[in-house]
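Structure assessment
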Amino acid sequence: PGKLSDYIQSPYKNENEARYANNGGLPPDLSLITKARHGGADYIFALLTGYRDPPAGVVIAEGQHWNPYFPGGRIQMPPPIYDGGVEYEDGTEATASQMAKDVTTFLAWAAEPEADERKKMGLKFIAGLALCGAAAGWYKRFLWSIYKSRRISFH
């Protein structure tokens, strides 16, 4: 069995085979795609679910598809997700939107698998900082209380 951190090998032997299988377009490495694109996971979700018919007057070459969320609108990747494409064990309906959400969530995790641990560590740090701040405030109040309660007389 593999580990989550194992390297995923390319399904293609070389760049030429990858281009041949994808209508001349070289498929990108998706392991960091959510960090590389503006909008991150939202961009990926929109790209996966955004395939439409081209607007009037727009000419699409053979093998291309229209997706308004892709820069330029023309994309060589065919729609990768269809309703009913997978069967969920828990009975969840396999809509294109649900599958795109699952893919997007996985790609966001693949880009930063340590993100959850980092957020937990940040929360612990902030809690510790707040505790230290409260202790310092109490100590300051205790230390200066003798000066604040002292009575000064000028006669």
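Here, every reference points to the structure presented above.
The notes below deal with the structure included here. (Residues numbered from 1 in each chain as written. Predicted model: local features only at pLDDT ≥ 70, side-chain atom pairs only at ≥ 80, totals over all residues. Heavy atoms only, no water.)

**A look at the pattern of salt bridges**
Going by this rule: By convention in these notes, a salt bridge is any Lys or Arg side-chain nitrogen within 4 Å of a carboxyl oxygen on Asp or Glu. Strands here are runs of E lasting at least two residues and helices are runs of H or I lasting at least four, both read from the DSSP assignment and numbered beginning at the N terminus.
Evaluation of the coordinates by the stated rule reveals three salt bridges. A salt bridge links Glu15 to Arg19; the nearest nitrogen and oxygen atoms lie 3.3 Å apart. In this pair, Glu15 and Arg19 are both assigned in helix H1 (residues 15-21), four residues apart and thus about one turn of the helix distant. In this structure, Arg118 engages Glu114 in a salt bridge whose closest nitrogen and oxygen atoms are separated by 3.4 Å. Overlapping salt bridges, with partners in common, bring together Glu112, Glu114 and Arg118 in one network.

**A few points about helix H5 (residues 115-148)**
The following threshold applies: Expected span, for any helix, means 1.5 Å times one less than how many residues it has. Fitting axes to the seven residues ending at a residue and to the seven starting there, one defines the bend at that residue as the angle between these axes.
With 34 residues, H5 extends 47 Å between its outermost C-alpha atoms, agreeing within 8% with the 50 Å of an ideal straight helix rising 1.5 Å per residue. Largest kink in H5: about 25°, centred on Phe142.

**A word on a nonpolar patch on the surface**
Using the following cut-off: Here a patch means residues that are over 30% exposed by relative accessible area and free of salt bridges, tied together within 9 Å if like-charged and within 5 Å if nonpolar (Val, Leu, Ile, Met, Phe, Trp, Tyr). Working definition of accessibility: Shrake-Rupley area with a 1.4 Å probe, residue cover restricted to the visible protein chains. Partly exposed describes any residue whose relative accessible area lies between the buried limit of under 20% and the exposed limit of over 50%, with all areas from a 1.4 Å probe on protein chains only and scaled to the type maximum.
Together, Trp138, Tyr139, Phe142, Leu143, Trp144, Ile146 and Tyr147 give the surface a local cluster of nonpolar side chains, amounting to about 860 Å² of exposed area. Position of Phe142 among the secondary structure elements: in helix H5. Relative accessible area serves as the criterion here: at 55%, Phe142 is assigned to the exposed category.

**Brief notes about the side chain of Asn67**
Heads up, the rule is: Between N or O atoms, a polar contact is any pair within 3.5 Å; within protein, one atom must be a potential hydrogen donor and the other a potential acceptor, and residues adjacent in sequence are included only when both atoms are from side chains. Two residues qualify as a contact provided that any one of their heavy atoms is within 4.5 Å of a heavy atom in the partner residue.
Positionally, Asn67 belongs in the loop between strand E1 (65-66) and strand E2 (74-75). Polar side-chain contacts of Asn67 include one of 2.7 Å to the backbone oxygen of Leu47. Once you skip the residues sitting within four places of it in the chain, Asn67 turns out to touch Ala46, Leu47, Gly50, Tyr51, Gly73 and Ile75.

**Thoughts on the nonpolar core**
This is how it is decided: As used in this record, nonpolar core signifies buried Ala, Val, Leu, Ile, Met, Phe, Trp, Tyr and Cys residues forming a set joined through side-chain atoms within 4.5 Å.
If you look at the biggest cluster of nonpolar residues, it comprises 12 residues: Ile33, Tyr43, Ile44, Leu47, Leu48, Tyr51, Ile75, Ile81, Ala96, Met99, Ala100 and Leu107. Only helix H3 (41-49) and helix H4 (96-111) provide two or more residues apiece to this core.

**Side note on the environment of Met77**
Take Met77: it is sitting in the loop between E2 and H4. The exposure class of Met77 is partly exposed, given its relative accessible area of 35%. Along the backbone, Met77 and Ser31 are 46 residues apart, and their C-alpha atoms lie at a distance of 17 Å.

**What about H4?**
Using the following cut-off: An arc is given here, and it is the one of the directions from the helix axis to the C-beta atoms.
The end-to-end C-alpha distance of H4 is 22 Å, a good match for the 22 Å that 16 residues give at a rise of 1.5 Å each. Along H4, the positions that sit buried rather than exposed are Ala96, Met99, Ala100, Thr104, Leu107 and Ala111. For H4, the angular spread of the buried residues around the axis is 135°, confining them to a single face.

**A word on the packing of aromatic side chains**
Short version of the rule: For Phe, Tyr and Trp, where Trp contributes only its six-membered ring, two rings pair if their centres lie within 6.5 Å, and the inter-plane angle classes them as stacked under 30 degrees, edge-to-face over 60, or tilted in between.
Tallied over the entire structure, the rule returns two aromatic pairs. When the centroid spacing of 5.9 Å and the interplanar angle of 35° are considered together, the rings of Phe106 and Trp109 count as tilted. With Phe106 and Trp109 both in helix H4 and three residues apart, this pair spans about one turn of that helix. For Trp109, a relative accessible area of 28% corresponds to the partly exposed category. For the ring pair Trp138 and Phe142, a centre distance of 5.8 Å and an interplane angle of 10° mean the geometry is stacked. Here the residue Trp138 and the residue Phe142 both occupy positions in helix H5, the gap between them amounting to four residues, near one helical turn. On the basis of relative accessibility, which here comes to 60%, the residue Trp138 falls in the exposed class.

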